[in-house]
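Survey of secondary and tertiary structure
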Amino acid sequence: MQGTEKRFDLIISEPANPWLAGGSNLFTREFYQLASRRLAPGGVLAQWVQGYAFTVTEYALVTRTLLEIFPDAALI
């Protein structure tokens, strides 16, 4: 997304686990801000978060960060 100014109706992020090199960058405020700028009006960001080896505190951190940029987000 950094290499284009295009806008997208849908961005799907399926990063590696955040503790692996590079994966943590896709769970940051900066990533969500960039995704927000690249979404067309009414666009949707879908982000996968693994369901194993994550504590409640880690889920809360990811959710809190996501909600700062996407206040209408849903955890499904």
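The present account deals with the structure reproduced in this document. Quantities reported herein were computed from a predicted structural model and do not represent experimental measurements.

1. Some points on the overall build of the chain
Assigned secondary structure in the chain consists of 2 helices and 2 strands. Based on the C-alpha atoms only, the size of the chain along its principal axes is roughly 35 × 25 × 15 Å. Within the chain, the proportion of its 76 residues that are buried is 29%. Only carbon and sulfur atoms are counted for the fraction: they give 57% of the accessible area of the chain, which is about 5,300 Å². In the chain, 6 positive and 7 negative side-chain charges are present, and the distance between their average locations comes to 6 Å.

2. Some words on the nonpolar core
Membership of the largest hydrophobic core is limited to 11 residues, which are Ile11, Phe27, Phe31, Tyr32, Ala35, Leu39, Leu45, Phe54, Val62, Leu66 and Phe70. When contributions to this core are tallied by element, the ones reaching two or more residues are α1 (29–38), β2 (39–47) and α2 (56–69). No other element matches the 3 residues that α1 contributes to this core. Apart from the residues within four sequence positions on either side, Leu45 is in contact with Ile11, Tyr32, Ala35, Leu39, Leu66 and Phe70.

So, how was this worked out
Residues numbered from 1 in each chain as written. Predicted model: local features only at pLDDT ≥ 70, side-chain atom pairs only at ≥ 80, totals over all residues. Heavy atoms only, no water. Helix = DSSP H or I, 4+ residues; strand = E, 2+ residues; numbered from the N terminus. Buried < 20%, exposed > 50% of the residue type's maximum accessible area, 1.4 Å probe, protein only. Areas by Shrake-Rupley, 256 points an atom, 1.4 Å probe, with all protein chains shown as cover. Lys, Arg positive; Asp, Glu negative; His and termini not counted. Charge placed at Lys NZ, Arg CZ, Asp CG, Glu CD. Core = buried A, V, L, I, M, F, W, Y, C linked by side-chain atoms within 4.5 Å. Contact = heavy atoms within 4.5 Å.

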